[in-house]
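Remarks on the overall topology
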Amino acid sequence: MSSNGGRQELQKTLNMKDVLALAFGTMIGWGWIMLAGSWVGNGGTVGAILAFALGGIMSIFVGLTYAELTPALPLAGGELVFSYRAMGYNASWFTGWMITLAYLGVAAWEGPALSNALGFLFSGLLPELGVLYELQGSEVTGIFLLIGCVGAVIMTLINYRGAKASAVFQTTATVAMAIGGVAFFVSGTVTGDITNLEPMFTDGKGFVAVVLAVPAMFVGFDVIPQAAEEMKIPLGKIGKVMIIAIVMAATWYIIMILGVAMSTPGDVLAGYNADPDAVPVANCFAYALGSPIFGKIMIIAAMCGILTSWNGFIVGASRVIFSMARAKMLPGIFAKVHPKFGSPVAAILLVGIITVLSPLLGKSALGWFVNAAAFGTVVAYFMVSLSFIILKKKEPDLDRPFKVKGGMAIGILAVVVALFFCSLYLPIYSPTPLQPIEWCLVGGWIVLGIILFVANKMGKNGKVTKEETEYLLFGDEYKRF
């Protein structure tokens, strides 16, 4: 920890490997092991691959705006900092609040996801410890709560011990997941039959169904800006790592699609997709090698994806909360940094408490939070893309260690992509828009934000001058006045 004139600062401990594992591991969670089979079933092998290639390209347009802005303003808070620089306090507060919803929503979901994964792994062997209650049609059992809450405590403790401890865990789990995925791809292609790749395409409706699933699969590269203040790598390389991570994620999804399609005949895969108790990619691995033990191994690998995603979103949420508190947009307690570990301890504990309590809501409610969180993410994408364009005009001389070729054109394309991603959640043409309860959650979060915003302005933080806010957000090195 360091304190510069009363401004709390985070320790620089993350190297290139740590940053790459943080971004890639956060993007690759649990969803692929459950959904890759349906991607092939809906779009056909080539159709699903094209959908993810298209999704990767669209994500890169948005990622390029992050890639230029992050090394230009390598400060905790990422989206919060960029939008303040471009559009001022109010836009910054809104952006920070929406990306906090995004990270907290997904982090809260990971405990129940871990419970489900262990349920698949030890099917029929884990004691339920009784059904405690039912919420929104979902039974909440003792084992569900135990696994979710204990997992949340462990992940919180790892992050409490600082960014480096979090990074070591992230790298280890990411490598374990990658080994399992590559083993599946190799075995699936070696033992499979090329005729299993049929159909290559299905129809337009099936292709669109896969495209609509793609944006959520790339969420996570945006945690890099949150940890930028803690990186000890050349600034010019931060942007490159971000783009490499997006390309790696796209490649991962594509080889999973190929592994599923090559390893398993279409009728068998359709059976896995229709079975609510199946884990399609794990079932395909077991089918390819003729033993259920390989399905269990695949589930273990995918569980590492749950942990990497969980870890990454705890990092993201805690850094945004820390940055908002440091700029006196939230209570100052959340800007406290641990004297030994250099972690934003109060912010991490707040996120930890939320993730420990979230399994109490059951599976159904958490699904709503995840969908609402996804909407918060794409709103933040739009705000960052817009900030990129504004800063091109407003601060053309801002030092940009990583400069995007095409500049303004890339920014415009990124805004268009972000708006497209936002539209996927609207009941316009999307077959899977946010449900009314999910819109209520988004609206409730915004209302809570407005209450906190007004209370903050009316309290002692409302007396902070523009010059002080500038210093608290950017420090001496990046402040404008």
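Preceding this paragraph is the structure being described.
These notes cover the structure that comes with them. (Residues numbered from 1 in each chain as written. Predicted model: local features only at pLDDT ≥ 70, side-chain atom pairs only at ≥ 80, totals over all residues. Heavy atoms only, no water.)

1. Considering empty space enclosed by the protein
- Under the criterion given, the structure shown has 1 cavity of 30 Å³ or more.
- Counted as a void, the largest cavity has a volume near 80 Å³.
- What lines the largest cavity is simply L14, D18, V19, L22, A163, S166, A167, Q170, A227, E230, V315 and R319.
- For the lining of the largest cavity, the element with the highest residue contribution is helix α7 (residues 163-191), accounting for 4 residues.
- Class assignment for the residues of the lining of the largest cavity results in 7 nonpolar, 2 polar and 3 charged. (1 Å grid on protein atoms, 1.4 Å probe; cavity = no way out; pocket = protein on both sides within 12 Å on 5 of 7 lines; lining within 4 Å. Points joined across faces, edges and corners; volume = space filled by probe spheres on them. Helix = DSSP H or I, 4+ residues; strand = E, 2+ residues; numbered from the N terminus. Nonpolar A, V, L, I, M, F, W, Y, C, P; charged D, E, K, R; others polar.)

2. Focus on the pattern of salt bridges
- In the structure shown here, the tally under the stated rule is 10 salt bridges.
- A salt bridge links R7 to E9; the nearest nitrogen and oxygen atoms lie 3.2 Å apart.
- One salt bridge in this structure joins E68 and R400, with 2.9 Å as the shortest N-O distance. You can see E68 sitting in helix α3 (residues 45-72) and its partner R400 sitting in the loop between α15 (362-394) and α16 (407-423), a full 332 residues away along the chain.
- Through salt bridges with shared partners, one network takes in R85, E395, E470 and R480. (Salt bridge = Lys/Arg side-chain N within 4 Å of Asp/Glu carboxyl O.)

3. So, the layout of surface pockets
- Size it by volume and the largest pocket reaches roughly 1300 Å³.
- Along the walls of the largest pocket sit 44 residues, with L35, A216, M217, V370 and N371 positioned nearest its centre.
- Those elements that place two or more of their residues in the lining of the largest pocket are α1 (16-27), α2 (31-43), α5 (89-121), α8 (204-217), α13 (292-326) and α15.
- Grouping the amino acids of the lining of the largest pocket by side-chain chemistry returns 29 nonpolar, 12 polar and 3 charged.
- Estimates place the volume of the second largest pocket at around 650 Å³.
- Taken together, 27 residues line the second largest pocket, and the ones lying closest to its centre are S115, N116, G119, F120 and S123.
- Sorting the residues of the lining of the second largest pocket by element identifies α5, β4 (138-141), α6 (142-160), α12 (280-289) and α13 as the ones contributing at least two each.
- By residue class, the composition of the lining of the second largest pocket is 14 nonpolar, 8 polar and 5 charged.

4. Let's talk about the environment of I446
- Mapping I446 onto the fold places it in helix α17 (residues 436-458).
- A C-alpha to C-alpha distance of 8.0 Å links I446 and M98, two positions 348 residues apart in sequence.
- Every residue in contact with I446, bar those within four places of it in the chain, is listed here: W97 and M98. (Contact = heavy atoms within 4.5 Å.)

5. Here's the deal with the packing of aromatic side chains
- Across all of its chains, the model carries 24 aromatic pairs by this definition.
- The interplanar angle of 80 degrees and the centroid separation of 6.1 Å between the aromatic rings of F24 and W252 together place this pair among those described as edge-to-face. Within this pair, whereas F24 is found in helix α1, its partner W252 is found in helix α10 (residues 235-263), the two being separated by 228 residues in sequence.
- Given the relative accessible area of 5%, W252 is considered buried.
- Seen from their ring centres, F218 and Y253 are 5.7 Å apart, and the 75 degrees between their planes marks the pair as edge-to-face. In this pair, F218 sits in the loop between α8 and α9 (223-226) while Y253 sits in helix α10, placing the two residues 35 residues apart along the sequence. Per residue, the accessibility class of F218 equals that of Y253, and both read buried.
- Ring pairs connect the aromatic residues Y89, W93, W97, W445 and F453, which therefore count as one cluster. (Phe/Tyr/Trp six-rings, centres within 6.5 Å; stacked < 30°, edge-to-face > 60°. Buried < 20%, exposed > 50% of the residue type's maximum accessible area, 1.4 Å probe, protein only.)

6. As for unusual backbone geometry
- Along the chain, E198 connects to P199 via a cis peptide bond; the corresponding omega equals 0 degrees.
- Residue position: P199 is located in the loop between α7 and α8.
- One non-glycine residue with positive phi stands out, namely K328, at about 60 degrees.
- Here K328 shows up in the loop between α13 and α14 (345-357).

7. Brief notes about the environment of A327
- By the secondary structure assignment, A327 is in the loop between α13 and α14.
- A327 gets classed as buried once you look at its relative accessible area, which sits at 1%.
- Sequence-wise, A327 and L473 are 146 residues apart; in three dimensions their C-alpha atoms are separated by 5.4 Å.
- Here A327 is in contact with T469, L472 and L473, once residues within four sequence places are set aside.

8. Quick notes on the nonpolar core
- By size, the foremost hydrophobic cluster in this structure holds 146 residues, and its most contacted members are W32, I33, W39, F52 and Y253.
- Non-local contacts of W32, meaning those with residues more than four positions away in its chain, are made with W39, M177, W252, Y253, M256, V281, M298 and A302.
- Core analysis: the next-biggest nonpolar cluster, separate from the first, contains 6 residues, L64, A67, I243 and F402 among them. (Core = buried A, V, L, I, M, F, W, Y, C linked by side-chain atoms within 4.5 Å.)

9. Some thoughts on the side chain of R319
- Locating R319 in the fold gives a position in helix α13.
- Here R319 falls in the buried class, since its relative accessible area comes to 1%.
- Within the structure, R319 has its side chain in polar contact with the side chain of S318 (distance 2.9 Å).
- Residue contacts for R319: discarding those within four places in its chain leaves L10, A76, G77, A163, Q226, E230, P344 and I348. (Polar contact = N/O pair within 3.5 Å; in protein donor to acceptor, adjacent residues only side chain to side chain.)

10. Concerning α14
- If you check α14, its first and last C-alpha atoms are 18 Å apart, about what 13 residues at 1.5 Å a residue would give, namely 18 Å.
- Inspection of α14 places V345, A346, A347, I348, V351, G352 and T355 among the buried residues, and these make up the whole buried set.
- In the core, the buried residues of α14 are packed alongside α5, α6 and α13. (Expected span 1.5 Å × (residues − 1).)

11. Observations concerning the packing of α7 against α10
- For the pair α7 and α10, the least separation of the axes is 8 Å and the interaxial angle reads 40 degrees. Between α7 and α10, the crossing angle belongs to the class labelled oblique. In terms of crossing hand, the pair formed by α7 and α10 is left-handed. Facing α7, whose interface residues are M177, A178, G181, F184, F185, G188 and T189, α10 presents W252, I255, M256, L258, G259, V260, M262 and S263.
- The class makeup of the residues in the contact of α7 with α10 is 10 nonpolar, 5 polar and no charged. (Axes fitted to C-alpha atoms, helices over the stretch in contact; angles between N-to-C directions. Parallel < 35°, antiparallel > 145°, perpendicular 65-115°, else oblique. Left-handed = near helix turned anticlockwise from the far one by under 90°.)

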